[in-house]
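Geometric and topological summary
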Number of protein chains: 2
Amino acid sequence: MLNVGVVGTSGRGYGLMKDVVLKLTDKVKITAVCDLYPDRVEDAQKLVEEMSGVLPFGTTDYQQLLAREDVDAVLITCAWEAHVPVAIAAMRLGKAVGTEVGGAYDIEDCWDLVKTYEETKTPFMFLENCCYGRREMMALNMAEQGVFGEVVHCTGAYGHDLRKEISFGKENRHYRLRNYTHRNCENYPTHELGPIARILHINDGNRMMKLSTAVSKAAGLHQYIKDNKSDDADLMSRTFNQGDVVTTTITCANGETIVITLDTTLPRYYCRGLSVRGTKGMYEEATDSVFLDDEHLEFEANWKEKWGNAEEYTDKYEHPVWKEYLANEMLGAHGGMDGLVLCAFFDSIIEGKPCPIDVYDAVAWMCITPLSEQSIALGGAPVAIPDFTRGKWYKHD
Amino acid sequence: MLNVGVVGTSGRGYGLMKDVVLKLTDKVKITAVCDLYPDRVEDAQKLVEEMSGVLPFGTTDYQQLLAREDVDAVLITCAWEAHVPVAIAAMRLGKAVGTEVGGAYDIEDCWDLVKTYEETKTPFMFLENCCYGRREMMALNMAEQGVFGEVVHCTGAYGHDLRKEISFGKENRHYRLRNYTHRNCENYPTHELGPIARILHINDGNRMMKLSTAVSKAAGLHQYIKDNKSDDADLMSRTFNQGDVVTTTITCANGETIVITLDTTLPRYYCRGLSVRGTKGMYEEATDSVFLDDEHLEFEANWKEKWGNAEEYTDKYEHPVWKEYLANEMLGAHGGMDGLVLCAFFDSIIEGKPCPIDVYDAVAWMCITPLSEQSIALGGAPVAIPDFTRGKWYKHD
C-alpha cells in the first residue's frame, strides 16, 4: 500500500482523487493533502474522509506535506507555476513524484528537473494521460507494427475552448487567467506531443532538434468577456497577451516534422488533432479515420464515406493496454486514460520498476513552452531544442 | 466573341478546352494552340476541330501564337516554369492573360509580372479555381456576413496524393517530376491561400507580412517507386529533394495567422484543408462542419454527431455565385469551379471590366513558393513578404 500526498486540490486534484485515486483502495491511501487555500484543503480532507474513512493531514505548506513520514509519493496537481519547485523539493526528500502536465517557464526548469533526478534517483513520472488515450495507443500500436510504413509527419493539438474556464474571473483563482494575461506561448504542448513522441521514438533513437512558432492575435477572450462577463470590471480591463491560435513546427533529428497547435480561446469542438502520416498510411483523429494505401485508394476523392472507420480497426490494432482495460471494465477499471496513467505510476513505485514516462520525456515535452515563447518573441525565429539526455537518446544503438 | 489561344495542351490545357472552353460557344473561340511537343499540338488541334468545326492554328513556339491577330487572349496552361515568361510576353503584346496557378521561382518573377502589368495595363487574371469552390465561397460569404465574428486564423492545404502522377516517369514529360527532384518548397500554395486571402481581405486592407516554413524528410515518393515502379531505372536512381509535408505559417499585418500545408507524396484522401476560425464560430472542411457559439456548445465534446452539418447552412449562406450556378445547371452550366473561374475571366475581358483575381493577388500568393524555399534553406528562419502593391493594399481606407 502506497501512502500518497496530494499537492493542489482544486479542480484537477479534487477530481483525480474522487474519480480515480480514492477508488484504487488496493494500491494507495491518501495520507495528506495540501493547497494554497485553506477552504480547498478542508474540502479535500472531507472528501478523503468520506470515501476512505480516514481524515488525512491537511496543510497550506507543501514542505510540511513533503516532510511527513506517512507520505511515500506525491501527486502534483497544483498550478502550473509550482509543478517544478514542488517536484524538485519532493525528489530531494526521496518522495516519488507523479506530476500533472503543463509546460516549463524557462529552459532552466527542465535542466533543474533532470539534474535533481540524476542526483537523487528519486522516481519521477510525468502524468501525461493522453499517452494512454485509446486512439493514441491504437495509433502507436499501428505505427509499431509498421501499418503506416515509415512515419514522416505528425500533428497534434490542444483544441479545447477554455474561454468560460478562463473568464470565471479572479475570484475563481485559476492559474490560466494569469497565464493568459501575461504570457504568449504554446502553454500546453504535452497532450499530443507525448503520444507523438512515443510514435517518433523521441529519446529512443530520435530527438526534437528545433522549433518555430507563429501566433495569431488575441481576440477570442476579450470578445467572449464583452459578450458574457461585461459586468466583471477586472476581466473587462485586461489585455490578454496570449494569442488565440499558436502553431509550432518541430523538426526531429531523423527528419520528421511535428506540428502542434494550441487552440483554446476561440469557439470549437474538443479535439487533440492527432494525425500520423507514413509512407503506407495515416490515422487522423478529426475524422477518426484510417487511410491505408492497400485499402482505400478508391475512396481518395470521397473520404466522407469512410469517416469514423477507425472503429473497424480496433479488433486488429487495439493496444494491449486498452484491450485489458476494456476487458476488465466490468470488474472495476476506473477513469479511462486518467486511471491508466495513475495506475502506471503507482504500480511502478510499488513494484520498484522504472516509470514509463520519465524525467527525460517530461522535459523534452515541457521545454516546448519556453522555447515557443522565445521563438514568438523573436518573430518566429527557429530555436534550438536542448538535448537533455546529453547523448543518451541513442543509447540503445 | 473572344478569340483565345491556349499555351500548353497537355493534361490541364486539354482538359479545360474539352470540358469548359469549347462548350462556351457563345463567349469564346479557340483560334490557336501551342505546346512544346508536336504530338500534343496535333491532339489539341484535332480536339478543337472536332468540337468547334474549325481547325485552329498550331505551333510549338508560343511567340508565334502570341503574334497572331486572331488571338485576343491567352490561356496559360503549360508547365509551371513557363507561366511567368509567357504571361509577360503576352502582356507586352496586349494579349489578355489568364494564367493557371503555380508558385513563382524567384521573387523577381513576381516583380516582373507586376511591373509589366503596370506598364502595359493588359488585363491579367490568375485562374485560381478554388476561389470559386463551393464551400470556399460559402465560407467567404459567412465570413463577410460576420457569422464567424472576427476572423483570427485560417488553415489550408493541398492534400492530394500525387505519387502516381509524379512517378509516371520521364517519358510522361510532367513538370512535377523535375520540380520534385530538384526543389524543396511549398510548390503549390495558391489553392487554399487564394480563398483564405479573400476571407482575410489580403490586398484590401490587409497583407501577409512574413512566413516560416518547416519541411519533413522526403520518403514517400521513393517508397512508392520501390513498391510500384522498380523497373524504371531513372526513377529508382533519383533522390527527391522535395520533402513530403511542408508546413508554412504566415502572419498578416492585422494579426491573423495562416497555416498552409503541401501534402502530396504520402497516402491520403484529397482535401484542401480549409478552416476559418473566428471569435464566434468556425468552418472546417475536413469534417465539412460549421461550429457556432450560438448553436453548438452542447456538442463540444461529441462533434462526431455534427460531421457534415455544413450542408444544413447552404440554404442560408450559399454564395450568390453558386446559387446562380446551381439554378442554371440544367440549362448548361459547365465545369463547377473551373467553369466559374474561366467565365469570370472571359466575361471581364469581353465586358472590359477589371479581372476579379488581379496581378497583385497573383503575386501575393505565388511569392509564397520562393519565400518558403528561402525559409527552408535557412533552417526555418522567418522571411519577410514584399508589399507588391507598394502601399496600395490599404488604398480603400
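Description of the structure in this document. Each residue is numbered by its place in its chain's sequence as written, counting from 1. Think of it this way: whatever chain is written first is A, whatever ligand is written first is 1, and the rest follow in order. Local features in this predicted model are restricted to residues whose pLDDT is 70 or higher, and side-chain atom pairs enter the listing and the counts only when it is 80 or higher, whereas totals over whole chains, interfaces and linings include all residues. Values shown for side chains rest on all heavy atoms present in the structure; no hydrogens or waters enter the calculation.

**Some details on the overall build of chain A**
Broken down by element type, chain A carries 17 helices and 14 strands. Values of the radius of gyration come from C-alpha atoms, whereas the globule rule sets the reference at 2.2 Å times the count of residues to the power 0.38. Taken against the 2.2 N^0.38 rule, which gives 21 Å for 397 residues, the C-alpha radius of gyration of chain A at 21 Å falls within 12% of a compact globule. Taken along its principal axes, the extent of the C-alpha atoms in chain A is 65 × 50 × 45 Å. In what follows, residue pairs with any heavy atoms lying within 4.5 Å of each other are defined as contacts. Counting only contacts in chain A whose residues sit at least 6 apart along the sequence, the fraction spanning at least 24 positions is 74%. Side-chain charges in chain A split into 40 positive and 60 negative, and the spacing between the mean points of these groups amounts to 2 Å. Numbered from the N terminus, helices here are DSSP runs of H or I no shorter than four residues, and strands are runs of E no shorter than two. Under this rule, positive means Lys or Arg and negative means Asp or Glu; His and the chain ends count for nothing. Every charge is mapped to an atom, namely NZ of Lys, CZ of Arg, CG of Asp or CD of Glu.

**Describing the pairing of strand S1 (residues 2–7) of chain B**
Residues and elements named next belong to chain B. Counting buried positions along S1 yields 6 of 6 residues, so the element is predominantly enclosed. Note on exposure labels: buried denotes an accessible area under 20% of the residue type's maximum, exposed denotes more than 50%, and partly exposed covers the range between, all computed with a 1.4 Å probe on protein chains only. In S1, alternate side chains face the same way, and those of Leu 2, Val 4 and Val 6 on one face and Asn 3, Gly 5 and Val 7 on the other are all buried. Judged from the 6 bridges that link them, S1 and strand S2 (residues 28–34) form a sheet pairing that is parallel. Its bridge partner lying in S2, Val 4 is registered against Ile 30. A pair of strands counts as paired when DSSP detects no fewer than two bridges linking them. With 4 bridges connecting them, S1 and strand S4 (residues 73–76) associate as parallel partners. What sits directly across from Val 4, in S4, is Ala 73.

**Here we look at the interface of chain A and chain B**
Residue-level contacts link 55 residues of chain A with 55 residues of chain B. With both sides pooled, the region where chain A packs onto chain B buries about 4,500 Å², and carbon together with sulfur makes up 57% of that total. Definition used for salt bridges: Asp or Glu carboxyl oxygen within 4 Å of a side-chain nitrogen of Lys or Arg. For Lys217(A), the salt bridge identified is with Glu256(B), shortest N-O distance 3.8 Å. Elements that contribute at least two residues to the side of chain A that touches chain B include exactly strand S7 (151–159), strand S8 (208–215), helix H10 (220–228), strand S9 (245–252), strand S10 (257–263), strand S11 (275–278) and strand S12 (281–284) of chain A. Sorting elements by how many residues they give to the side of chain A that touches chain B places S8(A) first, with 4 residues. A class-by-class count of the residues in the side of chain A that touches chain B yields 20 nonpolar, 18 polar and 17 charged. Here the quantity called buried area is the accessible surface, traced with a 1.4 Å probe, that two parts lose on coming together, added over both. Nonpolar residues are Ala, Val, Leu, Ile, Met, Phe, Trp, Tyr, Cys and Pro. Charged residues are Asp, Glu, Lys and Arg, and all others, Gly as well, are polar.

**So, the side chain of Asn187(A)**
All names here are of chain A. When you line up the elements, Asn 187 lands in the loop between helix H8 (175–182) and helix H9 (190–199). Judged by its relative accessible area of 2%, Asn 187 is buried. In protein, a polar contact requires one atom able to donate a hydrogen and another able to accept it; more generally it is a pair of N or O atoms within 3.5 Å, and residues adjacent in sequence count only if both atoms are side-chain atoms. Separated by 3.4 Å, the side chains of Asn 187 and Tyr 180 make a polar contact. Non-local contacts of Asn 187, meaning those with residues more than four positions away in its chain, are made with Trp 80, Gly 103, Tyr 180, Gln 242, Leu 262 and Thr 369.

**With respect to helix H6 (residues 134–144) of chain B**
Residues and elements named next belong to chain B. Counting buried residues along H6, 9 of its 11 residues qualify, which places the element largely inside the surrounding structure. The complete set of buried residues in H6 reads Arg 135, Glu 136, Met 137, Met 138, Ala 139, Leu 140, Asn 141, Met 142 and Ala 143. Of the residues flanking the end of H6, it is Gly 146, one or two places downstream, whose phi is positive at about 80 degrees.

**Details of empty space enclosed by the protein**
Every definition here rests on a 1 Å grid over the protein atoms only: cavities are sets of points where a 1.4 Å probe fits but cannot get out, pockets are open sets enclosed by protein on both sides within 12 Å along at least five of seven lines, and lining residues have some atom within 4 Å of a point. Grid points are joined across faces, edges and corners, and a volume is the space filled by probe spheres set on the points. Applying the stated criterion to the full structure yields 6 cavities of 30 Å³ or more. Thr155(A), Gly273(A), Thr155(B), Gly273(B) and Glu284(B) are, among the 42 residues lining the largest cavity, the residues nearest its centre. Split into classes, the residues belonging to the lining of the largest cavity amount to 16 nonpolar, 16 polar and 10 charged.

**Digging into the relation of the copies chain A and chain B**
Of the two same-sequence chains, chain A is brought onto chain B (RMSD 0.0 Å, axial shift 0.0 Å) by a rotation of 180 degrees. Those values place the two copies in the arrangement expected of a two-fold rotation axis. Of every C-alpha in chain A, the one belonging to Ala381(A) sits nearest the axis of rotation, 2.7 Å from it. Take the interface residues of chain A: 100% of them recur as interface residues in chain B, which is what a same-surface contact looks like. The fit set for superposing copies consists of C-alpha atoms from residues with pLDDT of at least 70 in both; the fit itself is least squares.

**Brief notes about the packing of helix H4 (residues 80–92) of chain A against helix H5 (residues 107–120) of chain A**
Residues and elements named next belong to chain A. Where H4 meets H5, the closest approach of the two axes is 9 Å, and the angle between their N-to-C directions is 10 degrees. Between H4 and H5, the interaxial angle falls into the category roughly parallel. Together, Val 84, Ala 87, Ile 88, Met 91 and Arg 92 of H4 and Asp 109, Asp 112, Leu 113, Thr 116, Tyr 117 and Thr 120 of H5 make up the contact between the two elements. Axis angles are defined between N-to-C directions and span 0 to 180 degrees, where every axis is a line fitted to C-alpha atoms and, for a helix, only to the segment in contact. For classification purposes, angles smaller than 35 degrees are called roughly parallel, those larger than 145 roughly antiparallel, those between 65 and 115 roughly perpendicular, and all remaining angles oblique.

**A word on the sheet that holds strand S2 (residues 28–34) of chain A**
Residue and element names in this part refer to chain A. One open sheet accounts for 6 strands, arranged S3-S2-S1-S4-S5-S6; its pairing is parallel. At either margin of the open sheet sits one strand with a lone partner, and together these are strand S3 (57–59) and strand S6 (124–126). Here the average twist between neighbouring strands, direction ignored, is 20 degrees. One ladder, built from 3 bridges, connects strand S5 (residues 96–99) with S6; its direction is parallel. By the bridge assignment for S6, Val 97 is matched with Phe 124.

**A closer look at the sheet that holds strand S11 (residues 275–278) of chain B**
All names here are of chain B. Ordered in space as S13-S12-S11-S7-S10-S9-S8-S14, the 8 strands form an open sheet in which the pairing is mixed. Each edge of the open sheet is held by one strand with a lone partner, namely strand S13 (289–292) and strand S14 (383–384). On top of the sheet, helix H9 (residues 190–199) reaches strand S7 (151–159), strand S8 (208–215), strand S9 (245–252), strand S10 (257–263) and S11; it is set at about 165 degrees to S7, its chief contact. Taken strand by strand, helix H17 (residues 368–377) contacts S8, S9 and S14, and its axis lies near 55 degrees from that of S8.

**Examining the nonpolar core**
Among the nonpolar cores identified, the biggest contains 123 residues, and Leu113(A), Tyr132(A), Met208(A), Phe345(A) and Phe346(A) are the most heavily contacted of them. The greatest single-element share of this core, amounting to 9 residues, is contributed by helix H15 (residues 336–351) of chain A. If we ignore the near neighbours within four places in the chain, the residues touching Phe346(A) are Leu2(A), Val4(A), Val21(A), Leu24(A), Lys27(A), Val28(A) and Leu75(A). To define a nonpolar core, start from buried Ala, Val, Leu, Ile, Met, Phe, Trp, Tyr and Cys residues and group those joined through side-chain atoms within 4.5 Å. Formed by 122 residues, the second largest nonpolar core is a distinct cluster that contains Cys34(B), Trp111(B), Leu162(B) and Met366(B).

**Observations concerning the packing of aromatic side chains**
Put simply, two rings from Phe, Tyr or Trp (the six-membered ring, in Trp's case) pair if the centres are within 6.5 Å, and we call them stacked under 30 degrees between planes, edge-to-face over 60, tilted for the rest. Scanning the model with the defined rule gives 23 aromatic pairs over all chains in all. Plain terms: the ring middles of Phe126(A) and Trp365(A) are 6.0 Å apart, the flat faces sit at 70 degrees to each other, and that makes the pair edge-to-face. Linking Phe126(A) in strand S6 with Trp365(A) in helix H16 (residues 359–366), this pair joins segments that are 239 residues apart in sequence. With respect to burial, Phe126(A) and Trp365(A) carry one shared label: buried. Grouped by ring-pair contacts, the aromatic residues Trp80(A), Tyr158(A), Tyr175(A) and Tyr188(A) constitute a single cluster. Only Lys NZ and Arg CZ are tested; either one counts as a charge over a ring when it is within 6 Å of the ring centre and within 35 degrees of the ring normal. Note that Arg268(A) overlies the ring of Tyr269(A), its terminal NZ or CZ placed 4.6 Å from the centroid. Taking NZ or CZ as reference, Arg183(B) lies 3.8 Å from the ring centre of Tyr105(B), over its face.

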